[in-house]
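Below are the chains, spelled out letter by letter.
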Amino acid sequence: MLYLALALLAGVGTGLLLHVDLTRADAYLRIALMALVFLIGLGLGSDWKRIMGIVRRRGLQMMMIPVLTAIGSLMGGVLAGLLCGMVWRTGLVIASGFGWYTLSAVIIGDALGPEMGTLAFVANIVREVLAIILIPWITRRAGGAAATASAGATAVDVCMPVITRSAGPDWAVPAFISGGVLSLLVPVLVPVFLSI
Amino acid sequence: MGWLLAALGAGVGLGVLLPKAVQRSGKVIRVLLSVLVAALLFLMGLKIGSDRGILSALPALGLRSLALGGLPLVFSVLLVWLLTRRKG
C-alpha cells in the first residue's frame with residue numbers, strides 16, 4: 001500500500017523539479033479515473049446479485065456514512081476555525097467543501113475574497129491528500145466505513161480506487177453513495193453557511 | 001460527475017452480461033487497477049507539485065490548512081467509526 005503514497009510523492013517531486021506541460025494532465029486524469037471506475041464497475045457487475053443483497057441488507061447503514069461524515073467534518077471545521085483564531089463560521093464554510101477543492105474554493109473565493117479562496121483550496125487538497133495517505137491505515141484500524149468517511153466527497157472519484165484497494169471491492173458501492181451524496185451537498189451547504 | 005457515472009454504468013453493464021469472462025480475468029483487472037491507481041495519484045501529485053501558487057501559499061497557510069483539512073477528516077472518521085462499528 002506504500003506505493004500509493006510513493007506515487008503521489010513522485011508526482012509532487014516531478015512537478016517541483018521539472019516544468020511539466022500540464023495542458024493534457026486533466027484529460028489524462030479523467031481518462032485514468034474513467035478506466036478505473038469502469039474496471040471497478042466490471043467487478044461489481046459480475047457479482048451483481050451478491051452486491052444488491054448487501055445494499056438491501058445494509059442500505060440504511062450505507063446512508064449513515066455520508067450523514068455522519070458531513071456532521072463530523074463540520075464539527076472538525078468549527079474546531080479548526082476556532083483554533084486558528086478565525087470566526088467559527090469560516091471553519092464551517094471551508095470544511096463543507098468535504099475535500100472537493102475546486103468547487104468549494106471558487107464559491108468561497110467569490111464570497112470572501114482570494115485569500116480565503118486559496119485557504120479553502122489548500123485545506124481541501126490537504127484533506128484529499130491526507131485521505132489518500134491514511135486510508136490503508138484507517139481501514140486496518142477502523143474498517144471501510146471509517147476509510148470512506150475520511151475521503152469525504154472524494155470517495156466518489158479519486159479516493160474510490162484507494163478505498164477498494166484497501167477495504168475490498170465491496171466497498172465501491174458505499175464509497176460511491178457517500179462521495180456522491182457529499183458532492184451534491186457541497187454546492188448547497190457552502191452557500192448556506194456563507195449566508196449565516 | 002455524469003461521465004463518471006457513465007463509466008461505472010458501462011462497467012456494471014458489461015459485468016452483468018459477461019460475469020464469467022470478468023471473473024476469469026480477475027488477475028489482469030487487479031494488476032490494471034494497481035497501475036491505474038498509481039498513475040492517477042502520480043498525476044494528482046504532478047498537478048500539486050507544478051502549481052507554484054499552492055506551493056508559495058503553503059508556508060503562510062500551512063498550519064491553518066492542515067487544521068482545516070485534517071480536523072474535519074479526523075472528526076468524520078471518529079464519528080463514523082464510533083457509530084457504525086457495532087453493526088459492522
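Here the structure is a predicted model, which is why all the values come from computation and not from measurement.

## Here we look at the overall build of chain A
Item 1. Helix and strand content of chain A: nine helices and zero strands.
Item 2. For chain A, the α and β elements follow one another from N to C terminus as α-α-α-α-α-α-α-α-α.
Item 3. Here the C-alpha atoms of chain A give a radius of gyration of 17 Å, agreeing with the 16 Å that 2.2 N^0.38 yields for 196 residues.
Item 4. If one aligns the C-alpha atoms of chain A with their principal axes, the spans along those axes are about 50 × 45 × 30 Å.
Item 5. For chain A, with 196 residues in total, the buried portion stands at 55%.
Item 6. Put simply, 68% of the contacts in chain A that link residues at least 6 apart link residues at least 24 apart.
Item 7. Accessible surface computed for chain A: about 8,300 Å², of which carbon and sulfur atoms make up 70%.
Item 8. Separation of charge centres in chain A, based on 12 positive and 8 negative side chains, amounts to 15 Å.

## Thoughts on the pattern of salt bridges
Item 1. In total, this model carries four salt bridges over all chains according to the counting rule given.
Item 2. Residue A:Asp26 is joined to B:Lys47 by a salt bridge in which the shortest nitrogen-to-oxygen separation is 2.7 Å. Here A:Asp26, found in helix α2 (residues 25-46), pairs with B:Lys47, found in helix α3 (residues 26-50), and the two come from separate chains.
Item 3. When its relative accessible area of 26% is taken as the criterion, B:Lys47 is described as partly exposed.
Item 4. For A:Glu115, the salt bridge identified is with B:Arg64, shortest N-O distance 3.4 Å. One end of the pair, A:Glu115, is in helix α6 (residues 114-142); the other, B:Arg64, is in helix α4 (residues 52-84), on a second chain.

## Let's talk about the interface of chain B and chain A
Item 1. Of the residues lining the interface, 60 residues belong to chain B; the matching set on chain A comes to 87 residues.
Item 2. Each partner contributes to the roughly 6,500 Å² buried at the junction of chain B and chain A, and carbon and sulfur atoms together form 83% of this total.
Item 3. Broken down residue by residue, the surface that chain B buries against chain A is led by B:Trp3, B:Leu41 and B:Leu68, which jointly contribute 10%.
Item 4. Inspection of the chain B/chain A interface yields two salt bridges.
Item 5. Where chain B packs against chain A, one counts 11 residue pairs in polar contact (both at pLDDT 80 or more).
Item 6. Elements represented by at least two residues in the side of chain B that touches chain A include exactly α1 (2-17), α2 (19-24), α3 and α4 of chain B.
Item 7. Top element by residues in the side of chain B that touches chain A is α4(B). It accounts for 24 residues.
Item 8. Tallied by class, residues from the side of chain B that touches chain A come to 42 nonpolar, 13 polar and five charged.

## A look at the nonpolar core
Item 1. Counting residues in hydrophobic clusters, the biggest one holds 82 residues, and the most contacted among them are A:Phe98, A:Ile135 and B:Leu41.
Item 2. Counting residues per element, this core draws most heavily on α6(A), at 12 residues.
Item 3. In this structure, A:Ile65, A:Leu68, A:Ala145 and A:Ala149 belong to the second largest nonpolar core, which totals six residues.

## What to know about the packing of α6(A) against helix α8 (residues 159-167) of chain A
All names here are of chain A.
Item 1. Where α6 contacts α8, the axes come no closer than 9 Å and their chain directions differ by 10°. For the element pair α6 / α8, the angle class is roughly parallel. Regarding α6 and α8, the two cross each other, and that crossing is right-handed. On the side of α6, the interface is formed by Glu 128, Ala 131, Ile 132, Ile 135, Pro 136 and Thr 139, while α8 contributes Cys 159, Val 162, Ile 163, Ser 166 and Ala 167.

Cut-offs and rules
Along every chain, residues carry numbers that run from 1 in the direction the sequence is written. Throughout, the order in which chains and ligands are written sets their labels, letters from A for the former and numbers from 1 for the latter. Given that this is a predicted model, residues contribute local features only at a pLDDT of at least 70 and side-chain atom pairs are listed and counted only at 80 or more, while totals for whole chains, interfaces and linings are drawn from all residues. Computation of side-chain values covers all heavy atoms of the structure but excludes hydrogens and water. Starting at the N terminus, helices and strands are each numbered in turn, a helix being any DSSP run of H or I of at least four residues and a strand any DSSP run of E of at least two. Radius of gyration: C-alpha atoms only; globule rule: 2.2 Å multiplied by the number of residues to the exponent 0.38. Burial here depends on accessible area, computed with a 1.4 Å probe over protein chains only, as a share of the maximum for the residue type. Under 20% is buried, over 50% is exposed, and the range in between is partly exposed. We call two residues in contact whenever any of their non-hydrogen atoms come within 4.5 Å of each other. The Shrake-Rupley method, run with a 1.4 Å probe sphere, supplies the accessible areas, and residue values consider only the shown protein chains as cover. The charge count treats Lys and Arg as positive and Asp and Glu as negative. His and the chain ends do not count. The atoms used to mark charge sites are NZ of Lys, CZ of Arg, CG of Asp and CD of Glu. Should a side-chain nitrogen of Lys or Arg be within 4 Å of a carboxyl oxygen of Asp or Glu, the pair is scored as a salt bridge. Joining two parts hides part of their accessible area as seen by a 1.4 Å probe, and the buried area is that hidden amount summed over both. Polar contact is defined as a pair of N or O atoms within 3.5 Å, subject to the rule that within protein one atom must be able to donate a hydrogen and the other to accept it, and that residues adjacent in sequence are counted only when both atoms are side-chain atoms. The nonpolar class holds Ala, Val, Leu, Ile, Met, Phe, Trp, Tyr, Cys and Pro. Asp, Glu, Lys and Arg form the charged class, and all remaining residues, Gly among them, are polar. Residues belong to one nonpolar core when they are buried, are Ala, Val, Leu, Ile, Met, Phe, Trp, Tyr or Cys, and are joined through side-chain atoms within 4.5 Å. Axis lines are fitted through C-alpha atoms, for helices just across the contact stretch, and the angle between N-to-C directions can take any value from 0 to 180 degrees. Any angle that falls under 35 degrees is termed roughly parallel, while one over 145 is termed roughly antiparallel, one within 65 to 115 roughly perpendicular, and all others oblique. For any helix crossing, the convention is left-handed if the near helix is rotated counterclockwise from the far helix by under a right angle, and right-handed if that rotation is clockwise.

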